Amino acid sequence: MSKNAPRDEWDNPTQFVLACVSYAVGLGNVWRFPYLCQMHGGGGFLIPYIIMLVLEGVPLFYMELAVGQKMRLGSIGAWSAISPYLGGRIFSTPRHLLFVCSSQLGGSSYFLGEVSLRSLASIVTSMYLCLYYNVINAWSFWYLFHSFQSVLPWAECPVNSNMSGPIEECERATPTQYFFYRSTLNISGSIEENGGIHTGQAVCLLLAWAIVYLFIVKGVKSTGKVVYFTATFPYVVLIIYLIRGVTLHGAANGLMYMVTPKMEQLANPTTWINAATQIFFSLGLGFGSLIAFASYNQYNNNFEKQAVVVSFINSGTSIFASVVTFSIYGFKATFNYESCLERLRLLLMNTFDIAEGAISLENVNQWIADLNRTQPEQLSSLLDRLQTCDLEAELDTAVEGTGLAFIVYSEAIKNMPVSQLWSVLYFIMLLLLGMGSMLGNVIAVLTPINELKFISRNMSTETLNGLVCLFCLLLGLGFTTRSGNYWFTMFNDYGATFSLLFIVLIEVISVCFIYGIRRFEKDVEDMLGHRPNRYWKIMLAGVSPILLIALFLFYMVKYIQGGTPMYQAWDKELGKSVMLEYPPYAQAFIGLLLVSSVSCIPLVALYTYCRKRTPVSGRRERRISTVST
């Protein structure tokens with residue numbers, strides 16, 4: 001392909017960097033990385049995390065930008081140019097949390113029938129990722145709208161229909177849990193209990209897709225303008241939250257917990273595996289969006305410097321967000337700990353003849369020890385009401401995902417002064433992080449469709465983008481039903497990890513061993529004026545593939561040894577989540593998610609091989625030239 005072929009381009013390199021930052025810096029930085037720090041030894045987790053960033057994250061990010069900028073095509077077109085047997089590599093592009101659709105198609109490069117078959121499989125597999133990711137944005141809208149009240153609705157339990165007291169389900173749980181599971185989701189007791197669409201959530205999902213459409217209505221030109229806001233404003237909110245967070249009572253407890261390393265965790269293989277996985281998914285590798293973004297660069301753009309900058313901005317944001325999160329963790333844990341002590345103090349004062357003010361929060365445990373020695377029989381009658389108050393245990397409670405974003409944070413926010421302000425700021429930040437990632441999601445889906453000549457000739461960009469968003473909205477309504485959250489969890493848990501590791505492994509093998517590392521070096525030299533240095537070559541041809549193979553084998557063993565898949569179901573009678581087995585049809589669907597995404601690669605390779613053995617008269621195929629042959 002000529003390097004001067006007409007194609008939309010970013011207005012300047014800054015737009016491209018901001019688009020990559022907006023895409024890569026997402027919800028996982030806020031709700032996944034702090035959880036991993038908490039689970040794997042606080043500051044000690046930064047050691048394997050930074051090592052994996054250097055060995056795996058930066059080199060693979062660099063490789064995808066190089067492929068996109070060189071080929072100036074979407075993913076399917078780019079990888080098919082490297083080898084026609086790789087056309088199915090982007091047929092399956094599910095993303096975990098972190099969640100991005102990607103399937104690109106160089107439509108004009110192929111016989112129309114072949115394009116249709118490939119693009120259909122690719123887009124269908126990618127669509128469901130876009131639609132379920134936007135459901136999180138719908139939840140954020142729901143919480144944002146409910147933040148404009150004199151009393152936050154998750155701050156206290158609502159009154160029952162008889163006006164005689166709080167609703168029992170809320171009393172058994174907590175107000176924040178009740179608001180999320182009942183008011184927000186109206187969740188059923190299991191995946192087998194279906195129900196109608198939650199009207200409020202459906203409206204929020206409609207709003208989320210309407211905003212996505214406005215962001216991408218003019219294609220990359222409008223997206224380039226939007227990223228100035230979506231990539232920068234979350235940092236403004238994080239800075240505001242940092243200033244507020246470190247001034248909260250108990251914040252120092254959370255920050256000390258974060259920076260105090262538990263070095264024994266470095267000997268735990270799971271720590272290193274989770275560090276590598278977090279780097280992998282946080283940067284958005286393997287989804288095709290990075291290739292799509294880079295394909296709109298100028299041919300001689302310095303992607304090497306940008307790969308390093310974006311990778312370290314992404315990881316730096318994770319660490320920055322952890323400081324904010326752990327300051328709020330510390331506030332919440334200290335608040336719960338002191339509330340527990342206060343309940344013990346009141347219990348002792350109401351039970352024993354103790355002078356007012358004699359018991360304080362600082363000496364309540366000493367009083368219990370003294371009473372156990374002087375009045376053991378009377379104290380033993382209170383055993384079922386005596387709680388164990390432990391600040392360390394409160395800090396050890398690890399929560400990730402929606403539990404952190406919509407329950408733990410909400411519980412902390414409700415106890416802050418001027419809680420409505422902090423709630424509004426927090427959910428605006430979540431929305432911008434989610435919307436920024438959705439730009440990458442939708443561009444990745446729209447690129448292959450826009451590259452089909454019969455589509456681009458007969459339909460305007462605005463109409464096509466609107467139809468895709470409408471289609472995703474209609475499909476996404478299934479996640480707003482009463483059992484929709486269980487299907488959301490299924491897609492999130494099983495739709496990406498296994499297949500994406502395999503896909504990126506195929507990418508590395510394709511570039512370094514099928515296309516050839518020397519040809520890749522010459523292509524980089526043609527774009528940048530110099531060849532990749534020794535670091536890039538050693539990482540791409542040696543270290544990164546070995547790490548990917550190790551991760552892939554780990555997840556294979558994990559899935560095989562995991563037994564029957566389980567999920568967390570909300571039990572309203574107990575007021576908490578319980579573990580249930582997926583029913584047979586859901587297990588079959590999980591198997592379909594795992595197999596269908598990975599199997600596309602060998603199936604399309606076999607299809608291409610069979611077509612090559614069966615000549616078709618009159619068929620012409622345009623090849624994309626590279627610098628080296």
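Conventions and cut-offs
Residues numbered from 1 in each chain as written. Predicted model: local features only at pLDDT ≥ 70, side-chain atom pairs only at ≥ 80, totals over all residues. Heavy atoms only, no water. Helix = DSSP H or I, 4+ residues; strand = E, 2+ residues; numbered from the N terminus. Buried < 20%, exposed > 50% of the residue type's maximum accessible area, 1.4 Å probe, protein only. Contact = heavy atoms within 4.5 Å. Areas by Shrake-Rupley, 256 points an atom, 1.4 Å probe, with all protein chains shown as cover. Expected span 1.5 Å × (residues − 1). Bend = angle between axes of the 7 residues up to and from the residue. Polar contact = N/O pair within 3.5 Å; in protein donor to acceptor, adjacent residues only side chain to side chain. Disulfide = S-S within 2.5 Å. Salt bridge = Lys/Arg side-chain N within 4 Å of Asp/Glu carboxyl O. Axes fitted to C-alpha atoms, helices over the stretch in contact; angles between N-to-C directions. Left-handed = near helix turned anticlockwise from the far one by under 90°. Nonpolar A, V, L, I, M, F, W, Y, C, P; charged D, E, K, R; others polar. Core = buried A, V, L, I, M, F, W, Y, C linked by side-chain atoms within 4.5 Å. Patch = residues over 30% accessible without salt bridge, like charges linked within 9 Å, V, L, I, M, F, W, Y side chains within 5 Å. Arc of directions from axis to C-beta. Phe/Tyr/Trp six-rings, centres within 6.5 Å; stacked < 30°, edge-to-face > 60°.

*Asks:* Would you mind going over the overall build of the protein with me for this structure?
*Replies:* Of regular secondary structure, the protein possesses 26 helices and 2 strands. Out of the 629 residues belonging to the protein, those deemed buried represent 57%. Taking contacts inside the protein between residues at least 6 apart in sequence as the whole, the part at least 24 apart equals 83%. For the protein, the exposed area adds up to about 25,200 Å²; of that, 62% sits on carbon and sulfur atoms.

*Asks:* Can you walk me through helix 25 (residues 534-561) in this structure?
*Replies:* Helical geometry: 3.6 residues make up each α-helical turn, so side chains three or four residues apart lie on a common side. Along its 28 residues, helix 25 runs 39 Å from first to last C-alpha, staying within 8% of the 40 Å computed at 1.5 Å per residue. Of all the bends in helix 25, the largest measures some 45° and sits at Leu540. Inspection of helix 25 places Trp536, Met539, Leu540, Ser544, Pro545, Leu547, Leu548, Leu551, Phe552 and Tyr555 among the buried residues, and these make up the whole buried set. Capping the start of helix 25, Asn533 holds a side-chain oxygen 3.1 Å from the backbone nitrogen of Tyr535, two or three residues further along.

*Asks:* It is not clear to me how the state of the cysteines should be interpreted in this structure. Could you clarify?
*Replies:* Simply put, disulfide is the name for a covalent bond between the sulfur atoms of two cysteines. Enumeration according to the criterion identifies 2 disulfides in this entry. Paired through a disulfide, Cys157 and Cys170 show a sulfur-sulfur distance of 2.0 Å. Handedness of the Cys157-Cys170 disulfide follows from its S-S torsion of about -85°: it is left-handed. Pair noted here: Cys157 is in the loop between helix 6 (112-145) and helix 7 (168-172) and Cys170 is in helix 7, with a separation of 13 residues, a long-range link. In this structure Cys157 comes out as partly exposed when scored by relative accessible area, which is 22%. Given a relative accessible area of 1%, Cys170 falls into the buried group. Two residues share a disulfide in this structure: Cys340 and Cys389, whose sulfurs sit 1.9 Å from each other. Linking Cys340 and Cys389, the disulfide has an S-S dihedral of approximately -80° and is accordingly described as left-handed. In this pair, Cys340 sits in helix 15 (residues 303-351) while Cys389 sits in the loop between helix 17 (376-380) and helix 18 (391-396), placing the two residues 49 residues apart along the sequence.

*Asks:* Can you walk me through the pattern of salt bridges in this structure?
*Replies:* As a working rule, side chains carrying opposite charge can pair if their charged atoms are close by. Enumeration over the complete set of coordinates arrives at 8 salt bridges. The partner of Asp526 in a salt bridge is Lys70, and the shortest N-O contact between them spans 3.7 Å. A residue pair is termed long-range when its members are at least 10 positions apart, and Asp526 in helix 24 (residues 497-528) and Lys70 in helix 4 (residues 46-71) qualify at 456 residues. Close ionic contact of Arg531 with Glu521 constitutes a salt bridge, the shortest N to O distance being 3.5 Å. Here Arg531 is found in the loop between helix 24 and helix 25, whereas its partner Glu521 is found in helix 24, with 10 residues between them in sequence.

*Asks:* Where do I start with the packing of helix 1 (residues 13-24) against helix 15 in this structure?
*Replies:* Helix-helix packing is characterised by the crossing angle of the two axes and by the distance between the axes. Axis separation between helix 1 and helix 15 bottoms out at 10 Å; the angle between their running directions is 35°. Crossing hand, helix 1 versus helix 15: right-handed. Contacts between helix 1 and helix 15 involve Pro13, Phe16, Val17, Cys20, Val21 and Ala24 from the former and Gln306, Val310, Ile313 and Asn314 from the latter. Split into classes, the residues belonging to the contact of helix 1 with helix 15 amount to 8 nonpolar, 2 polar and no charged.

*Asks:* It is not clear to me how the nonpolar core should be interpreted in this structure. Could you clarify?
*Replies:* One recurring pattern in soluble globular proteins: nonpolar side chains tend to sit buried together. The biggest cluster of nonpolar side chains holds 166 residues, and the ones touching the most others in it are Phe61, Trp209, Ile216, Tyr241, Phe406 and Tyr426. The element contributing the most residues to this core is helix 20 (residues 419-450), with 17 residues. Not counting residues within four places of it along the chain, the set of residues in contact with Trp209 comprises Cys130, Leu131, Asn134, Met438, Val442, Cys469, Cys472 and Leu473. If you look at the next biggest cluster of nonpolar residues, it comprises 15 residues, including Phe352, Ile354, Ile368 and Leu382.

*Asks:* Please explain a nonpolar patch on the surface as it appears in this structure.
*Replies:* Taken together, Ile50, Val54, Val308 and Phe312 make up a surface patch of nonpolar side chains, about 290 Å² in accessible area. Elements supplying a minimum of two residues to the nonpolar patch: helix 4 and helix 15. Of note, Phe312 is situated in helix 15. Take Phe312: its relative accessible area is 43%, and that puts it in the partly exposed class.

*Asks:* For this particular structure, what's the right way to read helix 16 (residues 364-374)?
*Replies:* Within helix 16 the residues assigned to the buried category are Val364, Ile368 and Leu371. For helix 16, the angular spread of the buried residues around the axis is 70°, confining them to a single face. Facing away from the buried side of helix 16 by more than 90 degrees, the exposed set consists of Arg373 and Thr374. For helix 16, the elements touching its buried residues are helix 15 and helix 17.

*Asks:* What is the right way to look at the environment of Ser460 in this model?
*Replies:* Mapped onto the secondary structure, Ser460 falls in the loop between helix 21 (453-458) and helix 22 (461-476). One polar contact links Ser460 to Thr463, side chain to side chain, over a distance of 2.8 Å.

*Asks:* Would you take a moment to explain the environment of Gln201 for this structure?
*Replies:* Here Gln201 lies in helix 9 (residues 199-216). Not counting residues up to four positions away in its chain, the partners in contact with Gln201 are Ala138, Trp139, Trp142, Thr184 and Thr480.

*Asks:* Hey, could you run me through the packing of aromatic side chains in this one?
*Replies:* The relative placement of two aromatic rings is captured by the distance of their centres and the angle of their planes. Throughout the structure, instances matching the rule amount to 42 aromatic pairs. Measuring from centroid to centroid gives 6.3 Å for Trp10 and Tyr296, while their planes differ by 85°, and the two rings are edge-to-face. Taken together, the residues Trp10 in the segment before helix 1 and Tyr296 in the loop between helix 14 (289-294) and helix 15 connect sequence positions 286 residues apart. Classification of Tyr296 as buried rests on a relative accessible area of 12%. Taking the centre distance of 6.4 Å and the plane angle of 80° together, the rings of Tyr62 and Phe520 count as edge-to-face. With a gap of 458 residues between them, Tyr62 in helix 4 and Phe520 in helix 24 connect regions that are remote in the sequence.

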